[in-house]
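What the coordinates show
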Amino acid sequence: MDLIISVLGLLTLSLEGIRCQGVYAPPTVRIVHSGHACNVEEERHTERVYTIREGETLELTCLVTGHPRPQIRWTKTAGSVSDRFQDSSVFNETLHISKIQRHQGGRYYCKAENGLGSPAIKSIRVDVYYLDDPLVTVHQSVGEAKEQFYYERTVFLRCVANSNPPVRYSWHRGRDVLSQGSDKGVEIYEPFFTQGETKILKLKNLRPQDYANYSCIASVRNVCGISDRNIVFKLTNKTASPSIKLLVEDPIVVNPGQTVSLVCITTGGEPNPTLSWVSSSDSLPEKSVVKGGTLTLPAITSDEAGVYSCVASNNVGNPAKKSTTIVVRALKKGRFWITPDPYHNDDNIQIGREVKISCQVEATPPEELIFGWLKNGRAMRSSERMVITQTDPDISPGTTNLDIIDLKFTDFGTYTCVAALKGGGIPEISIDVNISSTTVPPNLTVPRGKSPLVVREGDTVELECLVSGKPKPIILWSRADKEAPMPDGSLQAESYDGVLRIVNVSREMTGSYRCQTSQFNGFNVKPREAVVELIVQYPPSVEPVLLEMRQGLGRPVVMNCRVLRAHPSRVLRYEWRLGNRLLHAGHFDQSDETEYTVKSLNREGWGEYTCDVNNEAGAGRCTFLVTGKEYLIVCPKWHPIPYRVHYFYGSWSKVVYYVMNRVPFGMWLSRLLMTVRTIQEGPDPSYRKQIC
């Protein structure tokens, strides 16, 4: 009778809904595994190890308890977020890696925290097993006479295979197993005597029977179902390392746009060597074509110049390598500078003094570079007062100078430096330099109101320095406050009008920028310089950006919005709103966070709360979605009890609806008794399995 009363009481409670009061508890965590494990060593005195074969699926699940429900985070090796698995896996209970690779082995950590006590952390070491095909290389030596009587011709066969766990090797000659001591003409070096997991077979003073097929078998003892791998090498009296020949000149000098073909042939080697091409830039040009030993580079450009090497390998001895250099003719970066009389420390040009005009270009190949000088369009020759020289290429390559001794009024005019290549096919470069009484050294200033510059992140900004002088020099921009690159990634940026334009300026670009005159295309005098200050404002970055909070009626809700960074940060204002209704506003003082509390939640209190944090550059927003929405868990059709489960921030509530259609009373009653209990885990797939 008491049992029936109890059951009826439970039934009444069930139909009205049961609220299970939550108890705050710090997190606990444990890791369970699934997927394709070969072996899992559970914790004893050493670490826990999960062994898996390369290419299989790794699946680790982090089971946590605690209230409020802990946040989960997967990390790898020393606690930093791993870049070896997708970000979507990092914050899930289950870490899933399809087709795991060897580099993804290591220690994985599951960290759970809910703000109570210390975070709970568990780890497991993942060991990825693999075995690559072995490789046999052959080295042959012909010994010289030792003490006038000892001669030896020896061959070494070296076998190596990458593996985990360590590999074991065995050798066969034909069908016969070779072992240490089985043949006095054979020695086997175990891995202990050679660095790394290798095994060397030494054939001493070759005999006729030594010319045979040799098999190296690599084995990891079938762990994880990894079968043995083997390779066969045929040793004959003709076995020899490769030799090759390049049928091209070195270097090859061509004009841009030409098609270049490099031909490489083998001149020896047994087995027959394979040929490949490599370049000094690590990869061949995309449009290159390799056919056999011929490499073709159609419509070659200056960027494709460099060293190209033909490599031949047959695993006997060392690979053979022959190289040639492709030089693509080019002329670029023509520039000049004017040096006033160096003996009088002049910064300007004066009659009766010396003036030097220097002209420089970048030429490829440099030995083909030739210069010419014109005055007012007429060719010049070197004389006692007009001295034309080409400087030492090791000190200042590609440079020519025109020294005007005892400058006269009749020397004023336009001087032209002309650069060309002897081989032709490349347009010449000409540079005009005007020497007159109006030729003056440069001056550099920052316009009024242009420093400091205050802009907002994402804007386009122009840093400006006014430059005067004739000729007007190039301006070099660089960071003045720290060793940092310019926005384009270079250490210096050139400007011909004194303006540095930055598109989509970022907060990292805040700082001091130096503008200074370059010696090029101007006077070769002490650089003039100025500094422009750039201040980049950006709106506050806040957290959390979006947080869903579930809470029951009559319970408190505490929302916290924290400022991570902002500029300017001295005046930060916040506004809390529920929908469009202003709840609270104020200014930040010393703290970097603001908190809003709903003491007792009512139905009108459910909704979207926002906290806008403002500065001069804009606003950052924290959003909190406070809801009492239930989770509907649909059980399989055969199950008589569908669930509708509520989860709030502080507790769980459970409303259970029972269906008795075609279910015997005894079965229905037993399931009722089993399901009226405290719910401790969330509505995730594992929880669904638990209640259904």
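No experiment lies behind these values; they were computed from the predicted model shown.

Residue Asp-250 is joined to Pro-251 through a cis peptide bond whose omega torsion reads 0 degrees. Turning to its location among the elements, Pro-251 is positioned in the loop between strand S19 (240-246) and strand S20 (252-254). The residue after Thr-364, namely Pro-365, is reached through a cis peptide bond having omega -5 degrees. One can find Pro-365 in the loop between strand S28 (355-364) and strand S29 (369-375). For Cys-224, which is not glycine, the phi dihedral falls at a positive 55 degrees. Following the sequence through the fold, Cys-224 ends up in the loop between strand S17 (213-219) and strand S18 (229-234). With phi around 55 degrees, Asn-504 is a residue other than glycine that occupies positive phi space. Here Asn-504 shows up in the loop between strand S41 (499-502) and strand S42 (511-517). Using a relative accessible area of 52% as the deciding quantity, one classes Asn-504 as exposed.

Tallying each qualifying case throughout the model produces 24 salt bridges. A salt bridge links Glu-304 to Lys-287, with the nearest nitrogen and oxygen atoms 3.7 Å apart. Of this pair, Glu-304 sits in the loop between strand S24 (294-297) and strand S25 (306-313) while Lys-287 sits in the loop between strand S22 (274-279) and strand S23 (289-291), and the two are 17 residues apart along the sequence. Residue classification places Glu-304 among the buried residues on the basis of a relative accessible area of 13%. Residue class for Lys-287 comes out partly exposed when judged on its relative accessible area of 35%. Sharing partners across several salt bridges, the network here consists of Arg-173, Asp-183, Arg-207 and Asp-210.

Two cysteines joined by a covalent bond between their sulfur atoms form a disulfide. Under the definition given, this model contains seven disulfides. Here Cys-62 pairs with Cys-110 through a disulfide, and the sulfurs are 1.6 Å apart. Given an S-S torsion of about -90 degrees, the disulfide between Cys-62 and Cys-110 has left-handed geometry. With Cys-62 in strand S5 (residues 58-67) and Cys-110 in strand S8 (residues 106-113), the pair connects residues that are 48 residues apart, well separated along the chain. Residue classification places Cys-110 among the buried positions, given a relative accessible area of 0%. Each sulfur of the disulfide joining Cys-359 and Cys-417 lies 2.1 Å from the other. Of note, the bridge from Cys-359 to Cys-417 carries an S-S torsion of about -75 degrees and is left-handed in sense. Remark: Cys-417 occurs in strand S33 (residues 413-421) and Cys-359 occurs in strand S28; sequence separation between them is 58 residues. As far as burial versus exposure is concerned, Cys-359 and Cys-417 are alike and both buried. For the unlinked cysteine Cys-611, the closest cysteine sulfur is that of Cys-561, found at 3.9 Å.

Criteria and thresholds
- Residues numbered from 1 in each chain as written.
- Predicted model: local features only at pLDDT ≥ 70, side-chain atom pairs only at ≥ 80, totals over all residues.
- Heavy atoms only, no water.
- Helix = DSSP H or I, 4+ residues; strand = E, 2+ residues; numbered from the N terminus.
- Buried < 20%, exposed > 50% of the residue type's maximum accessible area, 1.4 Å probe, protein only.
- Salt bridge = Lys/Arg side-chain N within 4 Å of Asp/Glu carboxyl O.
- Disulfide = S-S within 2.5 Å.

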